[in-house]
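Descriptive analysis of the structure
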Amino acid sequence: EDDGGVMAGLKASSWKSRKAAISSLTDFVKSEQMKGTPEAVPSQEILVVVKEHTNGFKESNFNIIKAILELFLALCECYAALKKPPGIFMVRAGVTLAVEKVADKKLSAVCTTLLTAFCTVRAPKIIANFAIKVIGGIKSPIPHEALLNWCTEVMKDFGASSLGNGVKSIVSWILKECENANVKVRKAALGLLAELHTQLGPVLKALVLSNDLSSSIKGQVESTFSASPYDPKASSIVRSKCCVTVENGDEGSQKGGGGGGPPSIGIEIPKTDLVASLPEDCVSRLRSKEGKTAWKIRKGAMDEVADGLEKCSGLISTAPSCMSSLVELVRALKGGLNDSQSNLKPVAAKLLGTILGSVESAPQAKLGRIVFPALINAAMNDNRKPMRDAALEALKAGTEKSELDGGGVNTLANDALISSVASELGESEFKSGGIPDVLKFVTSRADCMPKVESLNSSKAKALEAQFASAIVACLTSSKTETRSTAETLLKECVSNGAMKISSIEAGVQKLLPAQQRSVNTIVGNLKSTLDLSDTQQEGAPRKLSPSRPPRKKTRGTIPPAQSSRKPTSRPSGLAQRKDSHSSTRRSVEDKLKSPKPRQSLMASSASPSTSSTDFPDHPLKPSNPGLSNKDARSSSSARKRENWPEYPEEPSASASLSLLRKQWSPLLPSSSVAILFHAKAFQNQEDAIDGCELLSRAVKLANDDDDDGALFDQLDLVFKWIAHVLCIRETTKGLNALIPLLQNMFALFVQKSYQLTDYEASLILPYVLEKGGIAKGRFHDMFRDLLSKISTEQLYSPQKYGASICVAAIEKSGYSKTRALATHECQSCVNICGLGGIGKRGIQITAKSLSDESIAENRAAFLDLIE
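Notes on the structure follow. Everything numeric in this text was worked out from a predicted model, so none of it was measured. (Residues numbered from 1 in each chain as written. Predicted model: local features only at pLDDT ≥ 70, side-chain atom pairs only at ≥ 80, totals over all residues. Heavy atoms only, no water.)

**Section: helix H5 (residues 62-82)**
Compared with the 30 Å implied by 1.5 Å per residue over 21 residues, the 31 Å span of H5 between its first and last C-alpha is a close match. Where H5 starts, the residue carrying a side-chain oxygen 2.9 Å from the main-chain nitrogen of Asn63 turns out to be Asn61. Directly after H5, the chain includes Lys83, whose backbone phi takes a positive value near 55 degrees. (Helix = DSSP H or I, 4+ residues; strand = E, 2+ residues; numbered from the N terminus. Expected span 1.5 Å × (residues − 1). Polar contact = N/O pair within 3.5 Å; in protein donor to acceptor, adjacent residues only side chain to side chain.)

Here's what the structure looks like:
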């Protein structure tokens, strides 16, 4: 003691001597002598000695503890001056002591100062993690409250991004403290959460909601988020403090203070596999159609999806392992948009919107291409306004990025939306009450459309022209609101450089002469309203010029080529847009209206007196054979692009017929196009009788060796047309024409020893099996006769037929009779080629179906197959 030096003072019994010795060490650390040796700071040696003579830093005397804290603080300042990080021993010991004493009113100030000083020499996430571990062993609520308040101040001084991926542990600790019995602790925890949300926003929100929260805690958290909204500018604020040391492993230590950049915390937000969280049979129950209570089964499945979405908290995984099942769920919900129970349709639309709004940008666009056409159709044509509104909300959610991705419009999904709008408008009559609302929504997205000058691919340019033609056609609507919103949309698109005036004019040329005269007036006003000049580059954004009043177009302004044409007298109800085959279509309609029997239509086509313009020598023989390439159409890439429905989804929608027409028309004579696609949408199977007769003639020519391979080269397209007709509303006359066509085709295949490819079989056989199961009377027997030829006559490999087609029907069909029929077909395949007829997967599905099946007849069929 006295002159015995520091060691004598540390060993002394008097607290004053021990305090004086520790203070001497503190003065030494602050001295010039220490600053003169920057190579090494003997912190560990100093602290080991002090720890040994102060009962492991657990002295009961307040003055000694304060002296120890001041020693730690002096060492931190020394390291900060040298810009070197201290060792873990010093950090752990100092943080532990500061957290244990932070509740002491006499020591709280120096404790919080020491913790902050540690954050300047080691990454804040390291200090926070040590502090959280220590506070977990303290029961008193006062230290918890004090540490939470200190963390809030650190977030303000250093910035939340300085935590790096340590945000995860901070969030877990905060949520735990939110359940503390002490109200002050809960208040302090929510205060820290509010500060983090202000700086991190959607990242923090996603991280918090990914935890399993009780309803009370979730309500408090959401209220906190609402009271402290995200401030995007918070990430660019220059913070008052930062970590001055550079450490390879401490990401974020240099990003939090004064960097001015956006937060980069480098954490992976946990996401949920939505389909895996649902019951195994949820997707199949969404498609249930069996019995009078099937709608209750579908509603129950939709409720399960809604519960699963709530648990996902807007974070759905789109990893490759999850994406295929998610697509199946979306396809099943898409079918709910046309549910027979009108109350379920808005529910399906809302669920689709929630799913689309909970995935990343690229998967959102992919899923959007599947459901956008159906949502647009519902928004335009549904009779109930709640459904139209729900469809529009789903479209809005499906074209906006999630908060986690920064929000705003997703340009990829927006492009898919424009393509779907152009397609659906092209199939409409422009009389639907929902078209103005759809056009207004598209107008709100006009500034996000790609600029014409940036369109490099022919596909993108064709889409721009198709979209312009569809909007121009809306100008012919009988509804004033539709015409007005279409004109506004055209102005917005041209003003933003997303549409060319030449594309609008090309769309006008596709209209009837009478329609062109009325639309030319609107287009003329559009040109005069837009400040256009001959020197202005085509496709560049154009500025509106309000100073120039619209010029009135007179009839004399019609181009000479149009004005010289004699006006055609037409009833007003026929003033609709016609395609290039309008004359052929009228001739076909005249023949259909004639009093002679229906079958004479095809008979007349074969007679010598028939005009070759109306009926070519072969109804499927293309004018340009080089365009037909079945191998290219059957490739996996082409099948992905065309988006043709796959079983169990039925190709019964008008969009499927439109897609087929677009794909098949270039290969057919114009008269055949007019017969096969004489309506934009078939109301029932009777509308397709003439098409069945045309295809029957093609089968006869192929049977007589006069085909030149045209039928077989277009067999995939023929099967798509037949599948569409099979799935629309059934009629007796329609089935009487359709089933004999299939019988003749199967007989032709037997005669020619032709075996279906996997692609061709997938297009037609599942639907023949589906309809054969639910058919009644003689039609049931006719379908069974068709199916018997598949395996017995080797039209398709029995092994593939059983394992691929029949097993899929057992697993996915919503009709019990179809499942029973598919089981009998599997039995036939097994009899022919053994267990390979259904495969290992077929055995597993059969066993599962047996356990799930409640109908005695089906259970007996499953047992027979298993035996």
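Moving on from the model shown.
**Let's talk about the environment of Glu145**
Looking at the element boundaries, Glu145 is found in helix H9 (residues 141-158). When the C-alpha positions of Glu145 and Val102 are compared, they lie 9.8 Å apart, and in sequence the two are 43 residues distant. Ignoring any residue separated from it by four or fewer positions in sequence, one finds Glu145 in contact with Lys184, Val185 and Ala188. (Contact = heavy atoms within 4.5 Å.)

**Notes on the layout of surface pockets**
Looking at the second largest pocket, its volume works out to about 1100 Å³. Along the walls of the second largest pocket sit 32 residues, with Glu280, Asp281, Ser284, Glu811 and Lys848 positioned nearest its centre. Grouping the constituent residues of the lining of the second largest pocket by class yields eight nonpolar, 10 polar and 14 charged. (1 Å grid on protein atoms, 1.4 Å probe; cavity = no way out; pocket = protein on both sides within 12 Å on 5 of 7 lines; lining within 4 Å. Points joined across faces, edges and corners; volume = space filled by probe spheres on them. Nonpolar A, V, L, I, M, F, W, Y, C, P; charged D, E, K, R; others polar.)

**Description of the side chain of Glu825**
Among the secondary structure elements, Glu825 is positioned in helix H40 (residues 816-833). Put simply, Glu825 is tucked away with no salt bridge, and the nearest opposite charge, on Arg784, sits 4.7 Å away. Not counting residues within four places of it along the chain, the set of residues in contact with Glu825 comprises Leu769, Leu787, Tyr801 and Cys806. (Buried < 20%, exposed > 50% of the residue type's maximum accessible area, 1.4 Å probe, protein only. Lys, Arg positive; Asp, Glu negative; His and termini not counted. Salt bridge = Lys/Arg side-chain N within 4 Å of Asp/Glu carboxyl O.)

**Observations concerning the packing of aromatic side chains**
Under the defined criterion, the tally for this structure stands at 10 aromatic pairs. What links up through ring pairs into an aromatic cluster is the set Phe712, Phe719, Phe746, Phe749 and Tyr754. In this structure, Lys106 packs its charged tip against the face of Phe62, placed 5.4 Å from the ring centre. Looking at Lys720, its charged tip hangs above the ring of Trp644, at a distance of 5.2 Å from the centre. (Phe/Tyr/Trp six-rings, centres within 6.5 Å; stacked < 30°, edge-to-face > 60°. Lys NZ or Arg CZ within 6 Å of the ring centre and 35° of its normal.)

**Notes on the environment of Ser423**
Examined against the element boundaries, Ser423 turns out to sit in helix H20 (residues 411-426). Distance from Ser423 to Phe467, taken between C-alpha atoms, is 8.1 Å for residues 44 residues apart in sequence.

**So, the nonpolar core**
Ranked by size, the top nonpolar core spans 81 residues in total, and within it Leu329, Ile355, Leu375 and Phe467 carry the most contacts. It is helix H18 (residues 361-381) that contributes the most residues to this core, 10 residues altogether. With residues near it in sequence (within four places) discarded, Phe467 still touches Ile418, Val421, Ala422, Val442, Met449, Leu489, Cys493 and Met499. (Core = buried A, V, L, I, M, F, W, Y, C linked by side-chain atoms within 4.5 Å.)

**Regarding unusual backbone geometry**
With an omega of 15 degrees, the peptide bond running from Tyr647 to Pro648 counts as cis. Looking at where Pro648 falls in the secondary structure, it is placed in the loop between helix H30 (636-642) and helix H31 (654-664). Backbone geometry at Lys83 places phi at a positive 55 degrees, although glycine is not the residue there. Along the chain, the position of Lys83 falls in the loop between H5 and helix H6 (88-101). Relative accessible area serves as the criterion here: at 58%, Lys83 is assigned to the exposed category. A positive phi angle is found at Ser753, which is not glycine, with a value near 55 degrees.

**Examining a positive patch on the surface**
A cluster of basic residues, Lys366, Arg369, Lys459, Lys640, Arg641 and Lys662, forms a positive patch on the protein surface. Looking at the positive patch, the elements that each hand over two or more residues are H18 and H30. Residue placement: Lys662 occurs in helix H31. Taking the relative accessible area as the measure of exposure, Lys662 reaches 62% and is therefore exposed. (Patch = residues over 30% accessible without salt bridge, like charges linked within 9 Å, V, L, I, M, F, W, Y side chains within 5 Å. Areas by Shrake-Rupley, 256 points an atom, 1.4 Å probe, with all protein chains shown as cover. Charge placed at Lys NZ, Arg CZ, Asp CG, Glu CD.)

**Points about the environment of Ser671**
Relative to the helices and strands, Ser671 is located in helix H32 (residues 670-676). Among the residues examined, Ser671 registers a relative accessible area of 2% and is labelled buried. A C-alpha to C-alpha distance of 8.1 Å links Ser671 and Pro619, two positions 52 residues apart in sequence.

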